[in-house]
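Next come the chains, spelled out residue by residue.
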Amino acid sequence: MKKVIYLDNAATTKTAPEVVDAMLPYFTELYGNASTIYELGGSSKKAMNEVRETIADILGAQENEIYFTAGGSESDNWALKATAEAYRAKGNHIITSKIEHHAILHTCEYLEKNGFEITYVDVDENGKIKLSELKKAIRPTTILISVMFANNEIGTIQPIKEIGEIAHENGILFHTDAVQAFGQLPINVDEYHIDMLSASGHKLNGPKGIGFLYIRKGVKIRSFIHGGAQERKRRAGTENIPGIVGLGVAARRAAETMKERTAKEIALRDHLIDRVMKEIPYTRLNGDRIDRLPNNANFSFQFIEGESMLIMLDMEGICGSSGSACTSGSLDPSHVLLAIGLPHEIAHGSLRLTLSEETTLEDIDFVVDTIKNIVERLRSMSPLYEDFVKKQAVK
């Protein structure tokens, strides 16, 4: 079996062995329902509360401000829909950016159909939100600003502290989708003026199907799932104790290894970017060169189709992406790449590579060499590239 080089960690990560080991007893031995009063259920409740403490400590939050969900999409939906409902008497206007994850954008579309007004603020060519436009977008009826901490496609880190300050100076709630940032970047909810924050376990070597929503004490958003009294009556349903335990181990592991792990990822990421940009002509790096996630590299290669490149990379055992995993199979170019100003034909030739702690220098060099060969081969079959070369020769 050929070696697989997995560079799609923004889509999902490998569950760490210690995470799996910690989860297993809660399937077969400590399987009690956390809402019961007997000892077996009490063990589950204790484990759940310990994870709540772990996540709160990482964020500089309080234990009772952490609510477990099924993942980032649910957390995003909860933050927007429940805030809209709870604060409707105050106003019906929400501000977000044009490069949010579809969990935010599609929720905003839903809210627009239900009487809310949404402003989608532009970003610059590197994917950073335009703070001047954000300020101009604020109205007396604005109740929420939702801007992602770091972009899932191009890796650009947003000026979250400044956005939080703008929101609070105007008496507006601030939510951030931190699904890609939690575990990769240090986050303190007080320092960044964050009222709500979404995160997901499977992006940081935890299990799928578990996440959380941080809700600052005093924010009056309501239940998202109705039924029982779980999660302090805000999110009904029997708690996913194995998933919660796994999330806790993954979060603690990510926090403890963050400094060393991300330093290694940044060095490899920069080596990848430097080689690609120097050795493959007519290539664009998408996203901010400095303010980007430690493990993210996103390129656009002119005169080729990204999907063709992905198939050829897969044949060599390399896993990458042309954008968000949630839009896989779509023929439309990335909304993120269009928002930063790329024309359709260049946006179609994009490749996202996201590293992990297991990625090696040898992996990166093999991947770059393989990409060079693939790009050369695909361009050799492109009439557009042939015409371009002829025009260059004439000049």
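Residues numbered from 1 in each chain as written. Predicted model: local features only at pLDDT ≥ 70, side-chain atom pairs only at ≥ 80, totals over all residues. Heavy atoms only, no water.

(A) Examining the pairing of strand 2 (residues 66-69) more closely. The alternating pattern of strand 2 places Ile66 and Phe68 and Tyr67 and Thr69 on opposite faces, both of which are buried. Where strand 2 and strand 8 (residues 211-215) come together, four bridges link them in antiparallel fashion. Within strand 8, the position partnered with Tyr67 by the bridge is Leu213. (Buried < 20%, exposed > 50% of the residue type's maximum accessible area, 1.4 Å probe, protein only. Helix = DSSP H or I, 4+ residues; strand = E, 2+ residues; numbered from the N terminus. Pairing = 2+ DSSP bridges.)

(B) Just the nonpolar core, in detail. Core analysis: the largest hydrophobic core is formed by 63 residues, its most contacted members being Ile55, Leu59, Phe149, Ile194 and Phe212. Look past the residues within four positions of Ile55 in its chain and what remains in contact with it is Ile66, Phe68, Phe182, Phe212, Leu247 and Ala251. (Core = buried A, V, L, I, M, F, W, Y, C linked by side-chain atoms within 4.5 Å. Contact = heavy atoms within 4.5 Å.)

(C) Structural view of the pattern of salt bridges. For the structure on display, the rule yields 21 salt bridges. Across the pair Lys128 and Asp291 runs a salt bridge, and its minimum N-O distance is 2.5 Å. Of the two residues, Lys128 sits in the loop between strand 4 (117-121) and helix 6 (131-137) while Asp291 sits in the loop between strand 9 (283-285) and strand 10 (296-301), which places them 163 residues apart along the sequence. The class of Asp291 is partly exposed, set by a relative accessible area of 32%. Of the charged contacts in the structure, one is a salt bridge between Asp195 and Arg216, with a shortest N-O distance of 3.4 Å. Taken together, the residues span a long stretch of sequence, with Asp195 in the loop between strand 6 (173-177) and strand 7 (196-200) and Arg216 in the loop between strand 8 and helix 8 (230-233) at a distance of 21 residues. (Salt bridge = Lys/Arg side-chain N within 4 Å of Asp/Glu carboxyl O.)

In short, shape yes, function no, at least from these values alone.
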